[in-house]
Every structure is written in C-alpha cells, then in structure tokens.
Amino acid sequence: MKDCKFLFVVPVLLLAGQLLSAQNFEYKWQRVHMDSTYESATVYPVDSIVAEHEEQMGPLMKVVIYSNAEIEEAQPESALTNLVADMLIHAAQPYIDNDYPTLSLTNMGGIRSNFPKGAVRVYDIYSTLPFNNSVVVAVMKGKDVREILENFAHRERFEALGGVRILVEDKEIENCLIGGQPLEEDGLYNLVTIDFLLDGGDRFHIGSEAVSIKRTGIVMRDAAVAYLEELSESGVVLENKTDGRVIIDED
C-alpha cells in the first residue's frame, strides 16, 4: 500500500451513565495516518471464498440483453410473464411435429423477480427463474384447455400464457383464440408447459389429462437465456409493455 494522506477520525464515546440522550455525550478523537504501517499480507477467509468461486461467477455476469425499463410481473398479463410464456413456445418448437395450434402456460409462482432496467445478465434470468423446471409439450383436448382457461377467468387471476388472445367479461370467457383460431372443444392443442405443472404442481392435472407428452429436458432458465440472446442479436431492447393477449373487461 502506498503512503496515503487520508485521515481517519476515531471517536471514543464516553458514557456518563446507564442512559444518555442523543444530545448528551462527550468524545475524544485523534488523527491516524493510513500509511504502510497498516499493510497486511493476511488472506482473510472471505478472500479465499471469493477466489474459489470467481471462475463460476464469471459466466453469470454475462450481459444477455438490455431493457429500457424494469420488466415487471403483473396481472392479468405483463411484459415479464408474456416474455416467459413466449420463450416456452420458442423452446418447444423443435419438439412439435404436428399442425395443432400451440399455446403455453407456466405458473406465476415460478417467476420470482423482475428483470432490471439496463443490462439483463444471466444472473438476473436465473434469479427470475430459479427452479430446475424443464419444458414439456402436452397434446391436450380443446375441452380440457377451455376448462383451464375458464378457471382462470372465474378467479380473474391468470397464469402466464402465450399463443392466446382472451377476452373476459363478468368472469366468463367471451372470446378465445389460440394460434389465431377460435378454441374448439373437440380440437387438439399443443400445450407447452413445465414438468412441475405436468406432474400435479399448483393443483394442475395436465399430465393426467394429456393425450400425449414430450419431455424436452430443456431447463426453463437455460431456454430463457437462449431466447433472450436471440432477441438481442436481432436488435431487440426489452420494453415494459403488454400486448393485450389477456383482457378483463371491467364494464
């Protein structure tokens, strides 16, 4: 350490009794030159911990994409939940080998924090999606898809959805499009979701109602990193805006 000319003021409080008011105290001080006298070759335990994990932390600090505002979660839809739902569909595309309309669904409880304004790093994405949930594709009957969506409408509380356009009035679905086409109860649909919901999490019964299931093995947060990297490469900057995929008419 080079000889520095900074001074530290070291207060010594002299308590004049068991209880003193904030205004009633005395102090002494002295000037201490911070020079080579205070140099130390000691390696503290925290230094060792930081050094040990520095190589692992490096990749987590990589900037994936930029945002012009904090990207937030909200009801009945939000920029963040829409982004996560769209990512699921993007990740599942290589595993879909039919022409059925596709929608996506994940639970709000699995989205744990907002994306920050400015640089969005791998660390931020992992913080937002901290669980080891993986992407699955379940082929579902239209009547079972409608039942899921109607349950959301009756509660006026929606989970994160992609590939849909839904209008709710008086807690009933007045209009529902999936892949741009009206929902048909006798049709078949690709529901892209996560294994947590497939296996009964949050009281969903997707697995037991599915016509067929494909487990991709893709971890959700890794799919999010890949999706956001593609958006960034195409020049996208994230905005905290919704697109009207879920509208609850309050009139």
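Anything mentioned here points back to the structure above.
Residues numbered from 1 in each chain as written. Predicted model: local features only at pLDDT ≥ 70, side-chain atom pairs only at ≥ 80, totals over all residues. Heavy atoms only, no water.

As for the pairing of strand 15 (residues 246-249)
Regular strands have side chains that alternate between both faces of the sheet.
Part 1 of the argument: Alternating positions in strand 15 separate cleanly, Val246 and Ile248 being buried on one face and Ile247 and Asp249 remaining unburied on the opposite face.
Part 2 of the argument: As defined by bridge partners, strand 10 (residues 164-169) adjoins strand 15 across four bridges and the pair is classed as parallel. By the bridge assignment, valine 168 is partnered in strand 15 with isoleucine 248. (Buried < 20%, exposed > 50% of the residue type's maximum accessible area, 1.4 Å probe, protein only. Helix = DSSP H or I, 4+ residues; strand = E, 2+ residues; numbered from the N terminus. Pairing = 2+ DSSP bridges.)

Digging into the packing of aromatic side chains
Part 1 of the argument: Throughout the structure, instances matching the rule amount to two aromatic pairs.
Part 2 of the argument: Sitting above the plane of the tyrosine 126 ring, arginine 221 keeps its charged end 5.1 Å from the centroid. (Phe/Tyr/Trp six-rings, centres within 6.5 Å; stacked < 30°, edge-to-face > 60°. Lys NZ or Arg CZ within 6 Å of the ring centre and 35° of its normal.)

What about empty space enclosed by the protein?
Part 1 of the argument: Throughout the structure, instances matching the rule amount to two cavities of 30 Å³ or more.
Part 2 of the argument: Of the volumes computed, that of the largest cavity is approximately 50 Å³.
Part 3 of the argument: Forming the walls of the largest cavity are Leu83, Val84, Met87, Phe115, Leu129, Ala224, Tyr227 and Leu228.
Part 4 of the argument: Listing elements by their share of the lining of the largest cavity, those giving two or more residues are helix 2 (79-92) and helix 7 (220-233).
Part 5 of the argument: In this structure, the second largest cavity occupies an estimated 30 Å³ of space.
Part 6 of the argument: Around the second largest cavity sit Leu103, Leu105, Val145, Ile148, Leu149, Leu161 and Leu191, which together line it.
Part 7 of the argument: When contributions to the lining of the second largest cavity are tallied by element, the ones reaching two or more residues are strand 6 (102-106) and helix 4 (142-155).
Part 8 of the argument: Tallied by class, the residues present in the lining of the second largest cavity amount to seven nonpolar, no polar and no charged. (1 Å grid on protein atoms, 1.4 Å probe; cavity = no way out; pocket = protein on both sides within 12 Å on 5 of 7 lines; lining within 4 Å. Points joined across faces, edges and corners; volume = space filled by probe spheres on them. Nonpolar A, V, L, I, M, F, W, Y, C, P; charged D, E, K, R; others polar.)

Overview of the sheet that holds strand 13 (residues 188-194)
Part 1 of the argument: One open sheet holds the five strands; their spatial order is 9-6-13-8-14, and the pairing between them is mixed. Of all strands in the sheet, those bounded by a partner on one side alone are strand 9 (160-162) and strand 14 (212-219). Neighbour to neighbour, the strand axes of the sheet diverge by 20° on average, direction disregarded.
Part 2 of the argument: Those strands touched by helix 2 are strand 6, strand 8 (134-141), strand 9, strand 13 and strand 14, and its axis lies near 125° from that of strand 6.
Part 3 of the argument: Against the sheet, helix 7 touches strand 6, strand 8, strand 13 and strand 14, its axis set at about 70° to strand 14. (Axes fitted to C-alpha atoms, helices over the stretch in contact; angles between N-to-C directions. Contact = heavy atoms within 4.5 Å.)

What about the layout of surface pockets?
Part 1 of the argument: Here the largest pocket is characterised by a volume of approximately 240 Å³.
Part 2 of the argument: What lines the largest pocket is simply Glu147, Ile148, Asn151, Phe152, Arg155, Glu159, Asp202, Arg203, Phe204, His205, Ile206 and Glu209.
Part 3 of the argument: At the level of elements, helix 4 and helix 6 (206-209) are the ones that each hand at least two residues to the lining of the largest pocket.
Part 4 of the argument: Among the elements that take part in the lining of the largest pocket, helix 4 stands out by supplying five residues, more than any other.
Part 5 of the argument: Residues belonging to the lining of the largest pocket are distributed by class as follows: four nonpolar, two polar and six charged.
Part 6 of the argument: Here the second largest pocket is characterised by a volume of approximately 180 Å³.

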